[in-house]
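Geometric and topological summary
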Amino acid sequence: MMTYKRKRSENDVASRSTVTKRSRHTESPDLLSPLPNELLIRILAFLPLPDLLNIAPLSRRFYDLFGDSQIWKRLYYSRFVLPRALRIPGFRNGSAREGKLHYSSRKAVWADGRRGGWVDMHVGKLEDRSRDWKKQYKLRHNWSKGKCAVEELQLRQELPPPETTSPHKMLVKISEGIAITADIATGLRAWDLKTKHLLAQIGLGQVNSQVVPSCITIDDQGIHDKILGIAIGFSDGSFGTWTLNIQDRGILRRYRHEKSTNGELVGIAFSYPYLLTATKSVLISLYTFNGPPKSARPGAQDLESKTTGDSESETMQETDESPSTRSTSKIRNSEPVALRAPYLLTSLKSHTSRAPLALSIRKTAVSIVASIAYTFSTLQGWCLGIQDLHLRPSTSGSKSTPDITTTRLAYSLPVRSSPTHIPSPPTSPSQPSNLLSSQDDQELDGPINLCYTHPYLLATLSDNTLILYLCTSNATSLSISPGIRLWGHTSGISDAEITARGKAVSVSCRGEEIRVWELEGKVHGKSIEVRPTVKPTVDDTQGVGNAPSDDITTEWDDRRNWVGFDDEMVIVLKESKGRESLMVYDFT
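Quick summary incoming for the structure in this document. As the structure is a computational prediction, the values presented were derived from the model and not from experiment.

1. So, the overall build of the protein
Counting secondary structure elements, the protein contains 8 helices and 36 strands. Counting only residues that meet the buried cut, the protein has 45% of its 588 residues in that class. With an accessible surface of roughly 30,800 Å², the protein has 52% of that area assigned to carbon and sulfur atoms.

In structure tokens:
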């Protein structure tokens with residue numbers, strides 16, 4: 001049986017052509033591909049981050065456009081800069097600056113958190129183009145989530161032998177990815193935390209092995225020129241200054257002060273040419289390296305005492321106590337490196353203040369401010385006090401010494417002591433000395449550590465909490481706000497550090513509990529727990545990695561003695577089974 005094929009009629013051909021035309025019109029045309037990259041970047045800049053993440057895998061071209069710096073610059077501004085800028089009075093309605101403030105791809109007015117002012121950022125500038133905004137966004141995002149990678153850098157394999165009677169102490173400071181360590185055994189060392197390599201090392205010049213470093217600070221005024229200033233205080237009351245040249249990988253000793261009868265130094269602040277020291281007996285000394293020549297210096301200074309007369313606070317009184325001798329040490333390097341002996345501007349003595357102390361030196365537009373944050377006891381408990389010394393710097397080429405123009409004092413409201421420790425009454429109505437009944441009460445009823453970076457004063461307490469104070473300083477007054485209690489730690493807090501932007505990091509004594517706090521503009525501070533992933537350890541003696549432990553949690557004898565951080569990483573000093581190492585938490 002034969003089958004016959006039906007011939008297609010004209011109606012069938014017409015209907016098929018109609019379907020084909022209809023399908024062509026219903027399909028969305030590709031209007032983006034023909035556009036140049038500049039227009040595509042402009043369009044993609046208006047999309048939220050989830051949409052950008054979906055577009056990136058479409059093609060190689062869109063993936064390259066996804067990583068463009070201008071797109072991430074706008075995302076960075078919208079998420080991290082604009083919310084902070086909106087808290088500035090007058091920013092929302094534009095009264096903080098002439099004209100309305102808004103984002104622009106060609107010229108953006110940004111609130112600069114580090115310098116506290118406005119920054120005009122042009123796209124055409126070389127420094128703006130070289131900035132990797134995608135990397136900056138990822139860095140800030142990791143900080144906000146507590147995501148980082150941890151790596152252990154071994155500093156020394158074992159502690160001094162047991163027959164050594166001097167207390168061993170490793171001191172650490174960090175600035176822009178450079179860690180400075182100091183101890184009696186290995187001297188002063190500088191580490192590159194990115195490469196985990198030792199940059200430079202120099203001895204501390206100690207003849208007596210019983211004299212150990214007791215405090216350290218960094219002057220980072222020359223960090224853009226790859227220069228760091230270092231000042232170290234010692235247990236015999238002496239101190240010294242060094243200079244680290246990061247590019248040349250060398251450390252030079254600039255000045256070494258002889259020992260003093262005033263006792264061990266427990267605090268030091270350095271911002272060339274000013275140096276501020278504090279002894280264990282709460283004797284504060286302010287020096288300058290730009291003082292008059294030694295021949296023109298007076299033999300003695302008649303310093304005037306100052307006191308507030310308040311029963312709950314005391315300003316530190318000026319005294320004529322000073323280190324007995326001053327002399328410059330011979331330096332093996334060129335003569336211009338050496339500094340002459342500093343000039344003592346003033347000394348402050350308190351009989352009721354006690355540890356902990358925090359010192360700082362900051363520069364304003366019109367003066368230099370040397371600040372002392374300290375603890376003192378009251379009938380209601382304990383308080384924190386701050387004393388500011390405003391200095392008028394000497395003009396260039398002038399032989400006159402800087403003048404202390406004014407002294408301001410402020411103190412916080414009392415924090416009540418625990419009920420089991422009842423303070424004893426003061427010895428006299430006018431002099432509130434020895435308000436606590438015993439030395440044990442002083443250790444239990446007060447802060448463990450103080451951290452002061454204007455305008456934030458942070459105190460760590462023995463009940464696993466912190467207290468944050470905001471210090472307000474202007475041309476006529478200094479005040480401290482009521483404290484804000486910060487909760488979050490589940491074990492004892494070993495140390496904490498805070499920046500002028502209100503970002504703080506705290507670490508517990510045991511275990512790996514590290515918390516990041518964003519405290520700027522927030523009534524109740526909330527913290528983020530750092531959750532690291534483990535990398536192999538790095539040994540400074542052999543330069544090879546060691547296998548990390550199976551679990552990030554540490555044993556009971558491990559201790560965290562210090563914490564510091566910069567824009568990219570957190571550094572924790574760890575002591576475990578007689579060994580010391582740096583735990584490097586990298587957020588990049």
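So that's the structure; there's more coming.
2. Details of the sheet that holds strand 5 (residues 178–183)
Pairing within the open sheet is antiparallel, and its 4 strands lie in the order 4-5-6-7. The open sheet has two free edges, formed respectively by strand 4 (171–175) and strand 7 (197–202), since each of these has just one partner strand. With direction set aside, neighbouring strand axes in the sheet form an average angle of 20 degrees.

3. Looking at the packing of aromatic side chains
Two aromatic rings, taken as a pair, are described by how far apart their centres are and by the angle between their planes. Throughout the structure, instances matching the rule amount to 14 aromatic pairs. Counting every residue linked through ring pairs, the aromatic cluster contains Phe66, Trp72, Tyr76, Phe80, Trp133 and Tyr137. Across from the ring centre of Tyr272, 5.9 Å away, lies the NZ or CZ of Arg254, which sits over that ring. Sitting above the plane of the Phe234 ring, Arg256 keeps its charged end 4.0 Å from the centroid.

4. Re the nonpolar core
With 22 residues, the main nonpolar core has Ile180, Leu188, Ile230, Ile232, Trp242, Leu244 and Ile251 as its most contacted residues. Secondary structure elements with two or more residues in this core: strand 5, strand 6 (187–192), strand 7, strand 8 (213–219), strand 9 (227–234) and strand 10 (239–245). Looking at this core element by element, the count peaks at 4 residues for strand 9. Counting 21 residues, the second largest nonpolar core, distinct from the first, contains Leu276, Leu357, Ile372 and Cys383.

5. Overview of the side chain of Thr181
Within the secondary structure layout, Thr181 lies in strand 5. Relative accessible area serves as the criterion here: at 0%, Thr181 is assigned to the buried category. Within polar-contact distance, the side chain of Thr181 engages the side chain of Trp191 at 3.2 Å. In this structure Thr181 touches Leu155, Met170, Leu171, Val172, Gly187, Leu188, Arg189, Trp191 and Leu582, once residues within four positions along its chain are discounted.

6. Focus on the environment of Ala231
Position of Ala231 among the secondary structure elements: in strand 9. On the basis of relative accessibility, which here comes to 0%, the residue Ala231 falls in the buried class. Put simply, Ala231 and Ile268 are 37 residues apart on the chain and 7.5 Å apart in space, counted from C-alpha to C-alpha. Not counting residues up to four positions away in its chain, the partners in contact with Ala231 are Cys215, Ile216, Thr217, Gly240, Thr241, Ile268, Phe270 and Leu275.

7. Focus: the sheet that holds strand 28 (residues 503–508)
Spatially, 4 strands are ordered 27-28-29-30 in an open sheet, and the strand pairing comes out antiparallel. Each edge of the sheet is formed by a strand with only one pairing partner; in this case those strands are strand 27 (493–498) and strand 30 (527–529). Pairs of neighbouring strands in the sheet enclose a mean axial angle of 20 degrees, with direction left out of account. Pairing of strand 28 with strand 29 (residues 514–518) involves 5 bridges; the strand directions are antiparallel. Bridge pairing in strand 29 links Val507 to Ile514. Strands in contact with helix 7 (residues 133–145) are strand 28, strand 29 and strand 30; relative to strand 30, the strand with the most contacts, it is inclined by about 90 degrees.

8. Re helix 7
The first and last C-alpha atoms of helix 7 sit 18 Å apart over 13 residues, in line with the 18 Å expected at 1.5 Å per residue. Buried within helix 7 are the following residues: Trp133, Tyr137, Leu139, Asn142 and Trp143. Sitting at the amino-terminal end of helix 7 is Asp132, which places a side-chain oxygen 3.3 Å from the backbone nitrogen of Lys134. Phi for Gly146, located one or two positions after helix 7, is positive at around 75 degrees.

9. Observations concerning the pairing of strand 29
When a strand is regular, its side chains alternate between the sheet's two faces. Strand 29 sits mainly inside the fold: 4 of its 5 residues count as buried. Both strand 29 and strand 30 contribute to a ladder of 3 bridges, which runs antiparallel. Residue Arg515 lies in a different strand from strand 30, and its bridge partner there is Glu529.

10. Some words on the pattern of salt bridges
Evaluated as defined, the whole model comprises 10 salt bridges. Members of the salt-bridge network, linked through shared partners, are Lys194, Glu568 and Asp586.

11. Description of a positive patch on the surface
A cluster of basic residues, Arg79, Lys134, Lys138, Lys145 and Lys147, forms a positive patch at the surface. Per-element tally for the positive patch: the top contributor is helix 7, with 3 residues. By relative accessible area, which is 31% here, Lys134 ends up partly exposed.

12. Some thoughts on the side chain of Arg408
With respect to the helices and strands, Arg408 occurs in strand 20 (residues 403–411). It is Asp388 that comes nearest to the buried, bridge-free Arg408 among opposite-charge side chains, at 6.3 Å. Among the polar contacts listed, one links the side chain of Arg408 to the side chain of His390, at a separation of 2.9 Å. Beyond its immediate chain neighbours, meaning those up to four positions away, Arg408 contacts Ile386, Gln387, Asp388, His390, Asn474, Ala475, Thr476, Ser477 and Leu478.

Rules used throughout
- Residues numbered from 1 in each chain as written.
- Predicted model: local features only at pLDDT ≥ 70, side-chain atom pairs only at ≥ 80, totals over all residues.
- Heavy atoms only, no water.
- Helix = DSSP H or I, 4+ residues; strand = E, 2+ residues; numbered from the N terminus.
- Buried < 20%, exposed > 50% of the residue type's maximum accessible area, 1.4 Å probe, protein only.
- Areas by Shrake-Rupley, 256 points an atom, 1.4 Å probe, with all protein chains shown as cover.
- Pairing = 2+ DSSP bridges.
- Axes fitted to C-alpha atoms, helices over the stretch in contact; angles between N-to-C directions.
- Phe/Tyr/Trp six-rings, centres within 6.5 Å; stacked < 30°, edge-to-face > 60°.
- Lys NZ or Arg CZ within 6 Å of the ring centre and 35° of its normal.
- Core = buried A, V, L, I, M, F, W, Y, C linked by side-chain atoms within 4.5 Å.
- Polar contact = N/O pair within 3.5 Å; in protein donor to acceptor, adjacent residues only side chain to side chain.
- Contact = heavy atoms within 4.5 Å.
- Expected span 1.5 Å × (residues − 1).
- Salt bridge = Lys/Arg side-chain N within 4 Å of Asp/Glu carboxyl O.
- Patch = residues over 30% accessible without salt bridge, like charges linked within 9 Å, V, L, I, M, F, W, Y side chains within 5 Å.
- Lys, Arg positive; Asp, Glu negative; His and termini not counted.
- Charge placed at Lys NZ, Arg CZ, Asp CG, Glu CD.

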